[in-house]
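Commentary on secondary and tertiary structure
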Amino acid sequence: DAGVIQSPRHEVTEMGQEVTLRCKPISGHDYLFWYRQTMMRGLELLIYFNNNVPIDDSGMPEDRFSAKMPNASFSTLKIQPSEPRDSAVYFCASSQVRGAKNIQYFGAGTRLSVL
Amino acid sequence: AQKVTQAQTEISVVEKEDVTLDCVYETRDTTYYLFWYKQPPSGELVFLIRRNSFDEQNEISGRYSWNFQKSTSSFNFTITASQVVDSAVYFCALSEAPRAGGSYIPTFGRGTSLIVHP
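Anyway, here's the lowdown on the structure attached to this text.

Observations regarding the interface of chain A and chain B
- Across the contact, 24 residues belong to chain A and 18 residues belong to chain B.
- Summed over both sides, the interface between chain A and chain B buries roughly 1600 Å², with carbon and sulfur atoms accounting for 54% of that surface.
- By the criterion of area lost to chain B, the three top residues of chain A are Leu43, Asn102 and Phe106 of chain A, representing 29% of everything that side buries.
- Counting the contacts that link chain A with chain B gives zero salt bridges.
- Mapped by element, the contributors of at least two residues to the side of chain A that touches chain B are strand 4 (31-38), strand 5 (42-50) and strand 9 (88-95) of chain A.
- Broken down by class, the residue content of the side of chain A that touches chain B amounts to 13 nonpolar, eight polar and three charged.

Comments concerning the environment of Phe75 of chain B
Residue and element names in this part refer to chain B.
- Mapped onto the fold, Phe75 is located in strand 9 (residues 74-79).
- We classify Phe75 as buried; its relative accessible area is 0%.
- A C-alpha to C-alpha distance of 18 Å links Phe75 and Ala88, two positions 13 residues apart in sequence.
- The contact partners of Phe75, leaving out residues within four places of it in the chain, are Cys23, Leu34, Phe35, Trp36, Ile49, Arg51, Trp66, Asn67, Phe68 and Cys92.

Definitions and limits used
- Residues numbered from 1 in each chain as written.
- Chains lettered and ligands numbered in written order.
- Predicted model: local features only at pLDDT ≥ 70, side-chain atom pairs only at ≥ 80, totals over all residues.
- Heavy atoms only, no water.
- Contact = heavy atoms within 4.5 Å.
- Buried area = accessible area lost by both parts, 1.4 Å probe.
- Salt bridge = Lys/Arg side-chain N within 4 Å of Asp/Glu carboxyl O.
- Helix = DSSP H or I, 4+ residues; strand = E, 2+ residues; numbered from the N terminus.
- Nonpolar A, V, L, I, M, F, W, Y, C, P; charged D, E, K, R; others polar.
- Buried < 20%, exposed > 50% of the residue type's maximum accessible area, 1.4 Å probe, protein only.

Following this line, the structure appears as structure tokens:
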């Protein structure tokens, strides 16, 4: 089975532009997580979903950030408008709880640069 | 609040040396879970191990071993006879016990970058 797939791998944009990051979790997984990794703050959990429903978005830094999961195989993280301090690597991860090892599997990340 | 401290930012060794990556954690929970992940240059984090707070037995998997000591709140990771392919960033993480049917929600340390020179 394919792993967690994130797109794009790299995104360069200008301040003020809208940015949309995409994630396809592993088929059958019922949890999906969005993380942000920076040198200053390390790896931070932004939001996670269970069965497509957002459970905890307390890590979302500002109203400029929003995440959706319209179905079990797709999620987006949107930043509007983007700012230079949003530059980071954004990871998506998924896990399966029922009848499984309950391990988080991570995508390769999207490296975002906001100029 | 939970906290994971990886005091070593970067470690540099020569191939075949043994190396230990330190991890110290803080939690008020009596039941909790500890993790190690590897982040190779390709970027994705790869799960290595999970231990629960009631199991203090050390674990060995090939060249990897983990030492869990509740008395010192530490969960250290040792690589024996390191190889160049071990070069990566290693993260220690801590999660409270998930609710029934729930997922682990790890809090990650800042990571230790291991560089193994040939």
